[in-house]
Protein chains: 2
Amino acid sequence: MKADPDRVLRDLYHLRKIGTYKSGVHRPTLSQDDITARKWLAGQLADIGHETCIDGVANVFGRAPGAGPHVLCGSHLESQNHAGWLDGALGVVYALEAARVAASDNQLVGRGVDVIAFADEEGHFSGDFSFLGSESFVGEISEEQIDAATDRSGRGTLREMLAKQELDGRQRVSMEAGRYCGFLEAHIEQGDRLESAGRGIGVVTSIVAIWQYRITATGFQNHAGTTTMKSRRDAGRALMQVWSAIEASFPTVCGPDSVWTVGRVTLQPGQPSIIPGQAEMVFQFRDADPDNLNRMHDALTRLTREVDAASPCALELEVLAQSSPAHMAKGPKDALQDAAQQWAPDHYSIMPSGAGHDAQVIARHIPSGMMFVPSIGGISHHWSENTSDSDIALGAQVYVQAVLNLLAANSNG
Amino acid sequence: MKADPDRVLRDLYHLRKIGTYKSGVHRPTLSQDDITARKWLAGQLADIGHETCIDGVANVFGRAPGAGPHVLCGSHLESQNHAGWLDGALGVVYALEAARVAASDNQLVGRGVDVIAFADEEGHFSGDFSFLGSESFVGEISEEQIDAATDRSGRGTLREMLAKQELDGRQRVSMEAGRYCGFLEAHIEQGDRLESAGRGIGVVTSIVAIWQYRITATGFQNHAGTTTMKSRRDAGRALMQVWSAIEASFPTVCGPDSVWTVGRVTLQPGQPSIIPGQAEMVFQFRDADPDNLNRMHDALTRLTREVDAASPCALELEVLAQSSPAHMAKGPKDALQDAAQQWAPDHYSIMPSGAGHDAQVIARHIPSGMMFVPSIGGISHHWSENTSDSDIALGAQVYVQAVLNLLAANSNG
C-alpha cells in the first residue's frame, strides 16, 4: 500500500481554492474560508468511516475505528494573512492520505490513523497560550484562557468568533490516554536547507527552543541641536551598542545551527531632532541544544551589563520567553528515516526545525516525529511560498510509509 | 534708559497663564490660547503708540512711529505641545520691553523698535517651508505654499485654522526694504553650555546648518527560525552596521561643536520572528562650519558605501535637507557683546546656536544678532523648561542695551 500522489495534489489544489490570494491563500483562523476548509476535511474523514467533529476551539478531529494501535496524524488548516497554500495544509492532506491508505488496507486489521487539524497554529489569537488547538487537545488550556483570548487583527474575542461559527460551547476533543503509539506531522521546511543541499526530505531531530528578550535603554530625551555630544545620554546609541556587540560576539558562542534576530527596534519619541530618551528592541535566538542556548543567554547578559556600565544610559534585559527544545522520539524518527531511505535513498537530511510546530506540544504527551519537504527559495509566510509537485508527491509517499512503519512496529499481532 | 525687569517678569508670568500646562504652557499655533496671547501682545504695542496688526499668517507686528533708523526685534509666541513657558515668549517680551524703553526715551527722536511675533516657529504646520512666519515676512512664501500646509496633529489645514480665527484673507505684513539697521532675537539657550560654564549671557556667532538624511537598507524578509545566519539578508543588521560605523568614525571627522543624532529607526515588518526585509533611519548632523559639514557628509557617504559593499543588503543614502549655516552680522553682534560686557563683564559666552531660529531667516535680509539666556539643566521642549528670574532680568538689561547700542551706532544725527 502506498500514497496516491494525484489524490494528494487534487486535495491540495482544492484547498488552495478556498480563500485564494494570488498564488497562495488568505485563510485566517475562524474566517468563513477557514470554516469551509475545516468542513471539507470533516467530510473527507467521514467518507472513510471516521467518527468526525469540529470541536469547541475549531479543531477538526477524525477518529479511526478499530481496537488499535493508532497513530495520530495532522497539522493545521488556517494560514497566515495573505500567505502560502502549503503551510499547514500539506501536513493535513498527508495525514488524510495516510488515513485513507490505512483504512483501505486489509492487512491492518484494527489498526488505524486518527487525523487532526489543529486550530490556530498560526497564532491569529493572542492569549496566555502558544498553540491553541494542540494545547487544547492535550489538556493544557483552561476555559478561562479561552475567555481571555482575542484576535490580533481586532476581529473580536475568540469566544465571539467561535460563537459566530456556532462552535462556542461545543465540547473540546481531548487526547485519549494510551491510544497512540505515535504522532507524525509533515510540514514545508520554510527555510532553504533542503533546497541548498539538494535533498527532497527532512527528518526532524528536534524543534528548537525560542528564547526571546526585551532590551531597554533609558537615557534622557533632549534637543538634538543644543545638547553637546559630551552631555547627551542617547538611549538609541546605547541600544545600538548592545546590538553591535551581539552581532560581533554571537558567532563565537553560538552552535552550528543557532539563529538570532533583532526583529523590532523603537526609539522614543522617534523624531529626527530629538535625542531618544528611551529605546527598546526585541531580540530572540533559537537552538535545539540547551548548552548553546545557555551560552548565548550568558553572552547577552554580559554584553548588556557591559554597555550599562560603559554608557551614560541604563540598560535592562527582560526575558519574554524561554521555551524548551522539543526532541523527536526514536520510534517515529526511525519510522520516518526508514521510509525516507526506502523512497528517497540518500536524498534526505537529518535536521532540526527552526520554526515552531504543533508537534512540539504533542511531543510532551505522545512519541512524536516530524518530516519536511523543501520550500522553493526558502520562502514561507508569503503568498509566493511553494514546493514542486514532484517533491509534494515524494513527501506523500515517505509520510504514508512512515505511518505504516510505525503501525507495523507497534502491532499487537 | 534701561529695562524694567519687574515689568518683563510680570509680562512673562501673564503669558504663562495663557494655556498653562503644569509649570509650562500648551499653546500650539492658532489654538485659542495662542490667539489670546497674540491679541494681548497687539494691545501692549498699541498702548505705546505702535501701528499694530495680526496678519494673514498670524504674525503680530507693531510698527514704531518715527523716521528711523529702526531696529526689528522679536521671536515667537506659540509653544511646542505641552512645553515650556519661555521658548519664544522670552524673546517677544524682551522685544516689547525694548520698544517701550525706546518709545519713552526722549533722546531717541525718530528712532524706534518694531516688534514682531512670528507665527509657527515651532512648526505645528508642515508644508514646503521651514519657518512660516519669518519666511512670510521676508517674502519667501507664496499663497500656494500656504494653501498646501496642514497641521501635523490633524487639526486641519492651515487655511481652515486661519479662517477659524478670522485671519485668512488678511494681508500678510512684508518687510519694508531699507527700514532696518538690524534684527535682534533673544531666546533661551535650550542646551547646557551657559549653565556648565557658569555664564549668564550667550552672544551667538552663527546658527548651525542641519544636514539630514534617510538611510535605507534593503534585504530580504524571511522567517527568523528557518533561515540560516549564512543565507539571511537582514536589513536591520546592515542598518545597524552603518549606525555603528557613524558613531565610531564621526568623532575623528567632526568639529569641536558638531552634533549628530539618529532620531528614528524603523524595521519592516517589525515582528520579533521575522528577519527585517527593509530598514530605515533618519540621521542628522549640525555644524556652523561648512568644512566640518562637508567632512561629515563625506564620511557618511563612504561608510554607507562600505556597508553596501560588504553586506548582503543594498544601502541607500538620501539627502533630506542641507541648509546653510546663518552667520550673525558684525553690527548686531558687537552691539550685543558690548551690552554684555557692560552689564555682565566676563560673564558671557560667544557661542553658536545648535537650534534653528527665525533669526536664520531674517539674517538673509537684515543684519541679525541673537542672544541666549541659560536653560536650567539644558532642558527645553518640555514643561519643566526654566530660567532663573535673575538670569531673565540680566538678559532683559543686556538685550535692551544692545538695541540701544544698535540704534546709537546707526544714528543719522
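Residues numbered from 1 in each chain as written. Chains lettered and ligands numbered in written order. Predicted model: local features only at pLDDT ≥ 70, side-chain atom pairs only at ≥ 80, totals over all residues.

### Some words on the overall build of chain A
Stage number 1. Of regular secondary structure, chain A possesses 12 helices and 19 strands.
Stage number 2. By the compact-globule yardstick of 22 Å for 413 residues, chain A fits well, its C-alpha radius of gyration being 24 Å.
Stage number 3. For the C-alpha atoms alone, the extent of chain A along its principal axes is close to 85 × 50 × 40 Å.
Stage number 4. Put simply, chain A has 413 residues, and 56% of those count as buried.
Stage number 5. Within chain A, contacts between residues at least 6 apart in sequence are counted, and of these 78% link residues at least 24 apart. (Helix = DSSP H or I, 4+ residues; strand = E, 2+ residues; numbered from the N terminus. Rg over C-alpha atoms; globule rule 2.2 N^0.38 Å. Buried ≥ 20, exposed ≤ 12 C-beta atoms within 10 Å, placed from the backbone. Contact = placed C-beta atoms within 7 Å.)

### A short note on the interface of chain B and chain A
Stage number 1. If you look at the interface, chain B gives 44 residues, while chain A gives 44 residues.
Stage number 2. Contributing elements (two or more residues each) for the side of chain B that touches chain A: strand 12 (222-223), helix 8 (235-253), strand 13 (259-268), strand 14 (274-275) and strand 15 (278-287) of chain B.
Stage number 3. At seven residues, the largest contribution of residues to the side of chain B that touches chain A is made by strand 13 of chain B.
Stage number 4. The class makeup of the residues in the side of chain B that touches chain A is 15 nonpolar, 22 polar and seven charged. (Nonpolar A, V, L, I, M, F, W, Y, C, P; charged D, E, K, R; others polar.)

### What to know about the sheet that holds strand 13 (residues 259-268) of chain A
All names here are of chain A.
Stage number 1. If you trace the four strands from one edge of the open sheet to the other, you get 13-15-11-16, paired in antiparallel fashion. The sheet is open, and its two borders are formed by strand 13 and strand 16 (314-322), each paired with just one other strand. Across the sheet, the mean angle separating the axes of adjacent strands is 15 degrees when strand polarity is ignored.
Stage number 2. Taken together, the nine bridges between strand 13 and strand 15 (residues 278-287) define a ladder with antiparallel strand orientation. (Pairing = 2+ DSSP bridges. Axes fitted to C-alpha atoms, helices over the stretch in contact; angles between N-to-C directions.)

### A word on the relation of the copies chain B and chain A
Note: a rotation about an axis with an accompanying shift along it relates these two copies of the chain.
Stage number 1. By a simple turn and slide, chain B fits onto chain A: the slide is 0.1 Å along the axis, the RMSD is 0.1 Å, and the turn is 180 degrees. Read as a symmetry element, the transformation amounts to a two-fold axis.
Stage number 2. Comparing interface residues between copies, 100% of those in chain B also lie at the interface in chain A; the contact surface is shared. (Least-squares fit on C-alpha atoms with pLDDT ≥ 70 in both.)

### Some thoughts on the sheet that holds strand 11 (residues 209-218) of chain B
Residue and element names in this part refer to chain B.
Stage number 1. An order of 13-15-11-16 is seen for the four strands of this open sheet, with the pairing classed as antiparallel. Lying at the two open borders of the sheet, with one neighbouring strand each, are strand 13 and strand 16 (314-322). Taken pair by pair, the neighbouring strands of this sheet meet at an average axis angle of 15 degrees, ignoring direction.
Stage number 2. Summarising the sheet, strand 11 and strand 15 pair through 10 bridges and their orientation is antiparallel. What sits directly across from Q212, in strand 15, is Q284.

### Observations concerning the packing of helix 10 (residues 330-343) of chain B against helix 12 (residues 389-409) of chain B
All names here are of chain B.
Stage number 1. One way to put it is that helix 10 packs onto helix 12 with a least axis distance of 8 Å and a crossing angle of 130 degrees. Here helix 12 runs oblique to helix 10, going by the angle between their axes. In this structure, the crossing between helix 10 and helix 12 has a hand that is right-handed. Side by side, helix 10 and helix 12 meet where G331, P332, A335, L336, D338, A339, A340, Q342 and W343 of the first sit next to L394, Q397, V398, Q401, A402, N405, L406 and A409 of the second.
Stage number 2. By residue class, the composition of the contact of helix 10 with helix 12 is 11 nonpolar, five polar and one charged. (Parallel < 35°, antiparallel > 145°, perpendicular 65-115°, else oblique. Left-handed = near helix turned anticlockwise from the far one by under 90°.)

### Concerning the environment of P276(A)
Stage number 1. By the element assignment, P276(A) lies in the loop between strand 14 (274-275) and strand 15.
Stage number 2. In the structure, P276(A) is positioned 54 residues away from N222(A) in sequence and 7.4 Å away in space, judged by C-alpha atoms.
Stage number 3. Excluding residues that lie within four positions of it along the chain, P276(A) makes contacts with G219(A), Q221(A), D234(A), A235(A), G236(A), L267(A), Q268(A) and G263(B).

### Some remarks on the domain arrangement of chain A
The parts lose accessible area when they come together, and the size of an interface is often stated as this lost area.
Residue and element names in this part refer to chain A.
Stage number 1. Taken domain by domain, chain A holds domain 1 (5-207 + 325-409) and domain 2 (211-322).
Stage number 2. Contact residues are listed per partner, giving four residues for domain 1 and five residues for domain 2.
Stage number 3. Counted by class, the side of domain 1 that touches domain 2 contains two nonpolar, two polar and no charged residues. (Domains from an automatic or database assignment.)

### Here we look at the pairing of strand 11 (residues 209-218) of chain A
All names here are of chain A.
Stage number 1. Buried residues dominate strand 11, accounting for seven of its 10 residues.
Stage number 2. Taken together, the eight bridges between strand 11 and strand 16 define a ladder with antiparallel strand orientation. Bridge assignment links W211 to a residue of strand 16, and that residue is Q322.

### A short note on the nonpolar core
Stage number 1. With 266 residues, the main nonpolar core has V403(A) and V403(B) as its most contacted residues.
Stage number 2. Ignoring sequence-local partners within four residues, the contact set of V403(A) consists of V71(A), C73(A), A98(A), A102(A), V113(A) and L184(A). (Core = buried A, V, L, I, M, F, W, Y, C linked by C-beta atoms within 7 Å.)

### Focus on the pairing of strand 3 (residues 51-54) of chain B
Residue and element names in this part refer to chain B.
Stage number 1. Summarising the sheet, strand 3 and strand 4 (residues 60-63) pair through four bridges and their orientation is antiparallel. Its bridge partner lying in strand 4, I54 is registered against V60.
Stage number 2. Remark: five residues form the turn of the hairpin made by strand 3 and strand 4, two consecutive strands paired antiparallel; A58 in that turn has positive phi of roughly 80 degrees.

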